[in-house]
Amino acid sequence: MSKTKLVVIGNGMAGVKCVEEIIALGPDTYEIVIYGNEPRPNYNRIMLSKVLQGEHSLQDILINDWTWYDDHGIRLRTGETINRINTHAKYVETESGIRETYDILILATGSSPFIPPIPGIDKERVMSFRTIDDCTRMSDYSKEYHKAAVIGGGLLGLEAARGLLHLGMEAVVVHNAPYIMNRQLDLKAASMLQQELEAQGMTFLLAKNTQKIIGRSQAQGLLFTDGSRLEAQVVVVAVGIRPNVDLARRSGIATNRAIVVDDYMRTSVPDIYAVGECAEHRGISYGLVAPLYEQGKVLARTLCGQETTEYKGSVPYSQLKVSGVDVFSAGEINGEGLQTAIQMLDGIRGTYKKVLMQAGKVRGAILFGDTAEGTALLGLVQRGADVAELAPREGSQDPAEIAAAALPEQDTVCACNNVTKAAIMKAIREQGLETADQVREHTKASGSCGGCRPMVAALVKHTHQLKNNGDVKALGKPDRVTEMPVCSCTTLGHAELKERLDHILVLREDGVDAEEPQQHSSVFTRQMNLTIIMQKLGWGSEHGCTVCRPSIHYYMQVSTSTMNERVAITDVHSAAEREGMRQQSMEAGIEHKHEVQVRWDEGIPLSSYTLEAGGLGAILLASWTGAHMPSPVNVGIAPQPGSWVSALVQDIGLLASPVGWEIYVGGHAEHPVKEGRLLGVAETELQAAMLASACLQWYRQTAWYEEPLWAWTERLGFMSIREVLLDDQLQTELATKRNDELGLVNHS
């Protein structure tokens, strides 16, 4: 049986990243052919400035060499430009006459430098800065000429100017805005950067508009609209990029500024997809590597027939090393309604930090000189976090290490090479790495643009700090967050409180704790004697308060109902004893009221109905009625089109569909309304109930007390939760735990 044939037009970073993901998900799914117009394999364009500056060679910046294509059975055709797509007969044709049929076609044509219509732009020694060949030309020019002008004060222009300085040329940056990198920085950060670059030998002409490039057939300089002139023998144009859409437009594929795609990267023509700088999603085309990689992952899962969340767009951000200076920018920097939440300037260290907010939410951030907090701030911007989360933690010393500790385990630190915090900390521990350079060698993190290097260095320090403190559990779970205390009675956060409680209860069951009288061995006494527990936890208040007492009681219940056989909870088996526990809880002021409520049509509880087709609701009611939860949970079931229950704004929503049931997680109807995300699809009511139950149990075991399910989803990360719950074995174990718990009364 022949494989489906996948043809990729474009051998750049976005297209090949998508192919890498396809190979990882389904290595035998497709016969793959890639066309690239450059005569070389895939390389990292972000690193061109490093080549120009003499730090790397072409071989150093190759992402995949020739053998990679051979090893994976990929046919790579280099030096070929596609000039025609026949969307009806499903083939592509190159300028040299090669014709290639396809079943699936990915357009990853990237972009070209935008060349402004300036008179004289076509003269000799006027060039762009986009490919490895451009680096070679600039190097050749430097051997004969000495004065260069760079039109464009953005990142690319600054990197080009820094490379020209390295080649021994004078470099003047001409920018039409009042300050450099005006799309990523504010005036203060830009001024600090300009000062650093001037110290390196760069010169700037700001608020200048070029009227023409002077010279007969070769560039001799620039004439500005104010009448002034600049002598220059080489002119580099770096004012932006233009998506390559001509091929798609000629082929009848819908385009605006770029190729129009939907949330699954599909174009207007069946079996043709687009990804990368050539794609326009919801009116936006991205020129940064992180969004392009996100698109590639969504497209790969779509093409491999795997469930995937749709691509909803990206928060633009840059974490860069501009000519040796660390710079970070994310989200909205300029705009109406933005206010400054935090602004800090350290003139001695040469660092600057600014966080912007709108309506009490974090909207943007700028860091200069020290960007270790960049990834953590990006997370706040991406989820529109409340500005209260910016408050410094008590006793905090090193902001870089705090940011490293606060970063969730699965968050990406190095977007260029897709390296997570967990992978970095694992490499540090297992390989005994001591420096950021060693981490780069083992994981590639910070090996491309270098913008994430401060966070990598902070993770090295953080990991070794944990090791020196003997925190083995934290090393095993590198996503530990520096938390606010549960209440004023303690310095413990929820995560550490749960761990300490588990440790105490295990010691009691193993007979290690000899301090307590033997009569305290029953679960009944153990669960209710909070005073002894608080003493062991080093509580500041003898009896706790209305905040911490319910929290401790809840975590003890979760621990005793989810730990392994070490916990002998079967000695509580009579109704009288269980009622005694409940009464004692009420008298202690810790009666739990957080339960699961299942709703069906018009918001009326399911139990009010005679359930004719309500097997799903009946299963969930039977399993979860009376279960103690961290926070109240609403489960909404929409069994038919037009149901009054909106499954998308429930903690857990179950929506009937032609293929069965769609299960959504993490929505809420309070202002501002939050739409749940698709956790999975089930064919039968029983399977839907299993997945919903598994989610409820995982939430029960891992959430903080009083943490709503939508907030838990954001804290753990939707994809992380999905990975757990869609694992068949884990899903079954979680879904059956509640029923096992209900059946404990029958155990002997």
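Owing to the predicted nature of the structure, the values given are computational and were not obtained by experimental measurement.

## Overview of the packing of aromatic side chains
The geometry of an aromatic ring pair comes down to the distance between the two centres and the angle between the two planes. Going through the model one piece at a time under the given rule, you end up with 6 aromatic pairs. With 5.2 Å between their ring centres and 65° between their planes, Tyr699 and Trp712 make a pair best called edge-to-face. Here Tyr699, found in helix α22 (residues 685-702), pairs with Trp712, found in helix α23 (residues 709-716); they are 13 residues apart in sequence, far enough to count as distant. Each member of the pair, Tyr699 together with Trp712, is buried.

## Structural notes on the nonpolar core
Of all hydrophobic cores here, the largest spans 51 residues; its most connected members are Leu6, Ile85, Leu105, Leu107 and Leu303. The dominant element in this core, judged by the number of residues it contributes, is helix α1 (residues 13-25), at 6 residues. Not counting residues up to four positions away in its chain, the partners in contact with Ile85 are Ile9, Tyr91, Val92, Tyr102, Leu105, Leu107, Leu247, Ser251 and Ile272. In this structure, Val51, Ala161, Met169 and Tyr352 belong to the second largest nonpolar core, which totals 46 residues.

## Some words on the sheet that holds strand β5 (residues 91-94)
Pairing within the open sheet is antiparallel, and its 3 strands lie in the order β4-β5-β6. Both outer strands of the open sheet, β4 (82-86) and β6 (99-101), are each paired with one neighbouring strand and no more. Across the sheet, the axes of successive neighbouring strands diverge by a mean angle of 20°, strand direction being ignored.

## Quick word on the environment of Ile98
One can find Ile98 in the loop between β5 and β6. In this structure, the C-alpha to C-alpha distance between Ile98 and Glu80, residues 18 residues apart in sequence, is 8.8 Å. In contact with Ile98, other than residues within four places in its own chain, are Tyr35, Arg77, Glu80, Val92 and Glu93.

## Points about α1
With 13 residues, α1 extends 18 Å between its outermost C-alpha atoms, agreeing within 8% with the 18 Å of an ideal straight helix rising 1.5 Å per residue. Buried residues dominate α1, accounting for 10 of its 13 residues. For α1, the complete set of buried residues consists of Met13, Ala14, Gly15, Val16, Lys17, Cys18, Val19, Glu21, Ile22 and Ile23. At its buried positions, α1 is contacted by β1 (4-9), β2 (30-35), α4 (66-71), β7 (104-107) and α9 (289-303).

## Section: the sheet that holds strand β9 (residues 126-128)
The strands making up a sheet associate through hydrogen bonds between their backbones, and the pairing can be parallel or antiparallel. Strand order in the open sheet made by the 5 strands is β9-β16-β10-β11-β12, with parallel pairing throughout. Strands at the two margins of the open sheet, each flanked by one partner only, are β9 and β12 (203-205). The sheet shows a mean angle of 25° between the axes of neighbouring strands, direction not considered. Two elements, strand β11 (residues 170-174) and β12, share 3 bridges in a ladder whose sense is parallel. In the sheet register, Val174 faces β12, and the bridge partner there is Leu205. Strands in contact with helix α6 (residues 155-166) are β10 (147-151), β11, β12 and β16 (234-237); relative to β11, the strand with the most contacts, it is inclined by about 165°.

## Concerning the pairing of strand β29 (residues 633-638)
With 5 of 6 residues buried, β29 is to be regarded as a mostly interior element. As paired elements, strand β28 (residues 596-600) and β29 share 5 bridges and run parallel to each other. Its bridge partner lying in β29, Arg599 is registered against Gly636. Taken together, the 4 bridges between β29 and strand β30 (residues 652-657) define a ladder with parallel strand orientation. Looking at β30, one finds that Ala638 is bridged to Leu655.

Analysis parameters
- Residues numbered from 1 in each chain as written.
- Predicted model: local features only at pLDDT ≥ 70, side-chain atom pairs only at ≥ 80, totals over all residues.
- Heavy atoms only, no water.
- Phe/Tyr/Trp six-rings, centres within 6.5 Å; stacked < 30°, edge-to-face > 60°.
- Helix = DSSP H or I, 4+ residues; strand = E, 2+ residues; numbered from the N terminus.
- Buried < 20%, exposed > 50% of the residue type's maximum accessible area, 1.4 Å probe, protein only.
- Core = buried A, V, L, I, M, F, W, Y, C linked by side-chain atoms within 4.5 Å.
- Contact = heavy atoms within 4.5 Å.
- Pairing = 2+ DSSP bridges.
- Axes fitted to C-alpha atoms, helices over the stretch in contact; angles between N-to-C directions.
- Expected span 1.5 Å × (residues − 1).

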